[in-house]
Amino acid sequence: MFEKRRLSFWQIWNLSFGFLGIQMGFALQNANASRILQIFGADIHELSWFWIVAPLTGLIVQPIVGHYSDRTWNRLGRRRPYFLTGALLASLGLVLMPNADMFTAFMPALWVGAGMLMIMDASFNVAMEPFRALIADILPSDQRTLGYSLQTVLIGIGAVVGSWLPYVLTNWIGLENTAGVGEVPVNLLLSFVIGAIVLITSVLVTVFTTKEYNPEEMAQLHQAEGAANLEESPGKLSDIFTDFQKMPRTMRQLSWVQFFSWFGLFGLWVFALPAIAQHIYGLDPNDNQSMAYQNAGDWLGILFGIYNGVSAIFAFFLPAIAKKVGRKKTHAISLVIGALGFLSIYIMPDENWLILSMIGIGVAWASILAMPYAILAGSIPPQKMGVYMGIFNFFIVIPQIINALIGGPMVKYLYNEQPIFALVTSGISFLIAALLVARVDDKDDEVVTI
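If you're wondering where the values come from, they're calculated on a predicted model, not measured in any experiment.

Caption draft 1: A look at the packing of helix H5 (residues 80-96) against helix H8 (residues 186-209). At a minimum axis separation of 8 Å, H5 and H8 run at an interaxial angle of 170 degrees. Taken together, the axes of H5 and H8 are roughly antiparallel relative to one another. Only Phe192, Gly195, Ala196, Leu199, Ile200, Val203, Leu204, Thr206 and Val207 of H8 make contact with H5, whose side of the interface consists of Arg80, Phe83, Leu84, Ala87, Leu88, Ala90, Ser91, Leu94 and Val95. Grouping the amino acids of the contact of H5 with H8 by side-chain chemistry returns 14 nonpolar, three polar and one charged.

Caption draft 2: Highlighting the nonpolar core. Within the largest apolar cluster, 133 residues are counted, with the highest numbers of intra-cluster contacts made by Ile22, Leu37, Phe124, Tyr148, Trp269 and Trp365. The contact partners of Tyr148, leaving out residues within four places of it in the chain, are Arg132, Ile135, Ala136, Ala370, Tyr373, Ala374, Ala377 and Met389.

Caption draft 3: Just the confidence of the model for the chain, in detail. Summing up the model confidence of the chain, the mean pLDDT is 84 and the portion of residues at 70 or higher is 90%. Per-element averaging of pLDDT across the chain places helix H10 (residues 239-245) at the bottom with 69 and helix H17 (residues 420-436) at the top with 97. Of the regions scoring below 50 in pLDDT, residues 446-450 engages in 16 contacts with residues more than four places distant in sequence or in other chains.

Caption draft 4: A look at helix H7 (residues 144-171). Over its 28 residues, H7 extends 40 Å from the first C-alpha to the last, a length consistent with the 40 Å expected when each residue adds 1.5 Å. A maximum bend of about 45 degrees is found in H7 at Leu165, where proline Pro166 lies one to four positions downstream. For H7, a buried count of 23 out of 28 residues is recorded, marking the element as mostly surrounded by other parts of the structure.

Caption draft 5: Region of interest: the environment of Ala100. Its place among the elements puts Ala100 in the loop between H5 and helix H6 (109-138). Discounting residues that sit within four places of it in the chain, Ala100 has contacts with Phe40, Ala109, Val112 and Gly113.

Caption draft 6: Spatial organisation of the packing of aromatic side chains. A complete count under the given rule lists 16 aromatic pairs for this structure. Ring geometry for Phe304 against Tyr307: centres 5.3 Å apart, planes inclined by 65 degrees, an arrangement best described as edge-to-face. Taken together, the residues Phe304 and Tyr307, both in helix H12 (residues 291-325) and three residues apart, mark about one turn of the helix. One exposure class covers both Phe304 and Tyr307, and it is buried. Through successive ring pairs, a cluster of aromatic residues spans Phe26, Phe124, Trp262, Trp269, Phe304, Tyr307 and Trp365.

Caption draft 7: Representation of the pattern of salt bridges. Per the stated rule, a full pass over the model turns up four salt bridges. A salt bridge links Asp137 to Arg79; the shortest N-O distance between them is 2.5 Å. On the criterion of sequence distance, the pair formed by Asp137 in helix H6 and Arg79 in the loop between helix H4 (53-69) and H5 is long-range, its members being 58 residues apart. As far as the burial class goes, Asp137 and Arg79 line up, both buried. Arg80 is paired through a salt bridge with Glu212; the nearest N and O atoms lie 3.2 Å apart. Of this pair, Arg80 sits in helix H5 while Glu212 sits in the loop between H8 and helix H9 (215-224); the two residues are 132 residues apart in sequence, bridging distant segments of the chain. With relative accessibility at 11%, the residue Arg80 sits in the buried group. On the basis of relative accessible area, Glu212 is assigned to the buried category, the value being 5%.

About the criteria used
- Residues numbered from 1 in each chain as written.
- Predicted model: local features only at pLDDT ≥ 70, side-chain atom pairs only at ≥ 80, totals over all residues.
- Heavy atoms only, no water.
- Axes fitted to C-alpha atoms, helices over the stretch in contact; angles between N-to-C directions.
- Helix = DSSP H or I, 4+ residues; strand = E, 2+ residues; numbered from the N terminus.
- Parallel < 35°, antiparallel > 145°, perpendicular 65-115°, else oblique.
- Contact = heavy atoms within 4.5 Å.
- Nonpolar A, V, L, I, M, F, W, Y, C, P; charged D, E, K, R; others polar.
- Core = buried A, V, L, I, M, F, W, Y, C linked by side-chain atoms within 4.5 Å.
- Buried < 20%, exposed > 50% of the residue type's maximum accessible area, 1.4 Å probe, protein only.
- pLDDT = per-residue confidence, 0-100.
- Expected span 1.5 Å × (residues − 1).
- Bend = angle between axes of the 7 residues up to and from the residue.
- Phe/Tyr/Trp six-rings, centres within 6.5 Å; stacked < 30°, edge-to-face > 60°.
- Salt bridge = Lys/Arg side-chain N within 4 Å of Asp/Glu carboxyl O.

Next comes the structure, spelled out in structure tokens:
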């Protein structure tokens, strides 16, 4: 009987290496998009609205990419064409977003910047989900937790570099972090260009070092696992709606965990800078040009790098912890620690104490990036892996869309223009997600081997 080959540690590392560059670009976006949009003229309560187009695009794109990647085979393979295309488009967005003021002859820089945010986020999503499906495609069941954990390590490394880069360019290299009204500082401009270069390079490492199973091998694997041959049932794009209705029970249960997890994360990415600038630095809500504001933005990059660095370190321990206490309990405890990190931001006396808050958020981030996918992979029919990974993305982007719609008005009307309470809401959301983990059936909880 044909079985999946076991990979060495470094083969699994190369399998996910492209995520280093993807997450470096994603971290640059998350830490600096609100800052750039405010420089171009966005008000605090409008920020979430500018972010809405990105997850809305992902909602449409992801299942389509998943559907077709399940049925693709060309010279690059099955999943590789999609994450390579996503990486190229995301790199274009990285280069153009901070340079949006170049296009003011055609439309306001704010709208160009928002459009580039849409292209970047949608393209990151196009690249990410085929990578996650690639792990499930290639690795045997007992190596998947290791695979997703190493993916999280690389995500953490890339995110640390991306988050810290503007601060490093200013404080170590000496580049300016201030500019004229409506202009993006040079340290941000160069950071985004470097991020684009690293993104393309790292994805190419995975493309050239990873061998996917060919259609004949995949058919043998599907038959061995009791699945239908894809070539005999090519399927239609409209089947996505049928697949959605027939999603596995475990996936439905995880969807609620994902909803509250990503609702909380979106609040962090959109409102962290104005919340910290106002609540910790004592700045006016409308200040988006002063040296103190730019310093707050650079420090936020350091804080984001810390939570991503913690996630990279903690991810190394996830397989051992999950083996000891189970994947569900590991995920629930991690989410509670993350909730405490969010809630503690409100009481921290200065910016340096926020490091402790980010350590807690980093523990939760590591688990969010690994445990749900490790649990999910065992419940999905192998011939539907791509489309279901795409559908699973619904429960990442829908909470972001909802937060984007209501987050700004909540800050303006419910929180009296104090975005710090958006971060408190994120902490409460994480606590709800932790409680919902108990309802999940983990049908493929395995003994992890390395």
